[in-house]
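Residue-level structural notes
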Amino acid sequence: AEAGAAPLRAKLDAAVAEANDLRARVAETAAGAGDAQLRKLASLREELELKRSKDLADAHQELQEAQDTWTRKEGELREAAHVEITKLQAALAEATARALEAARD
């Protein structure tokens, strides 16, 4: 009976070994999948941080360009106002001179 049990014991031991091997491979695959997901998440996080940095840099550049445009336009308007004020002052001085001359006559 014991001689007949040996092949069964060998088959049982082989089945247990195969089951243990399968468990180990499933655990390894699960760990690998977890590692892959962690790497993917890290990659996505890095990509998101790079995009955020780029968006911030772009926004800063747009703000700087808007400030530069505002400063340039403000300067142009101040210059135009100065020219107009100078013309008006000259016209007022001329009109005043004519009025004084007319009053003398």
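Up top is the structure.
Scope of this entry: the structure provided in the associated data block.

Quick notes on the rules
Residues numbered from 1 in each chain as written. Predicted model: local features only at pLDDT ≥ 70, side-chain atom pairs only at ≥ 80, totals over all residues. Heavy atoms only, no water. Salt bridge = Lys/Arg side-chain N within 4 Å of Asp/Glu carboxyl O. Helix = DSSP H or I, 4+ residues; strand = E, 2+ residues; numbered from the N terminus. Buried < 20%, exposed > 50% of the residue type's maximum accessible area, 1.4 Å probe, protein only.

This next bit is on the pattern of salt bridges. Applying the stated criterion to the full structure yields 8 salt bridges. Salt-bridge contacts for E49 lead to R45; the nearest nitrogen and oxygen are separated by 3.7 Å. You can see E49 and its partner R45 sitting in helix 1 (residues 2-104), 4 residues apart, about one turn around the helix. A residue is classified by how much of its surface remains accessible, and E49, at 46% relative accessible area, is partly exposed. Linking R78 and E74 is a salt bridge whose minimum nitrogen-to-oxygen distance equals 3.4 Å. Placement of the pair is R78 and E74 together in helix 1, with a separation of 4 residues, close to one helical turn. When its relative accessible area of 58% is taken as the criterion, R78 is described as exposed.

Read these as spatial facts, not as claims about activity.
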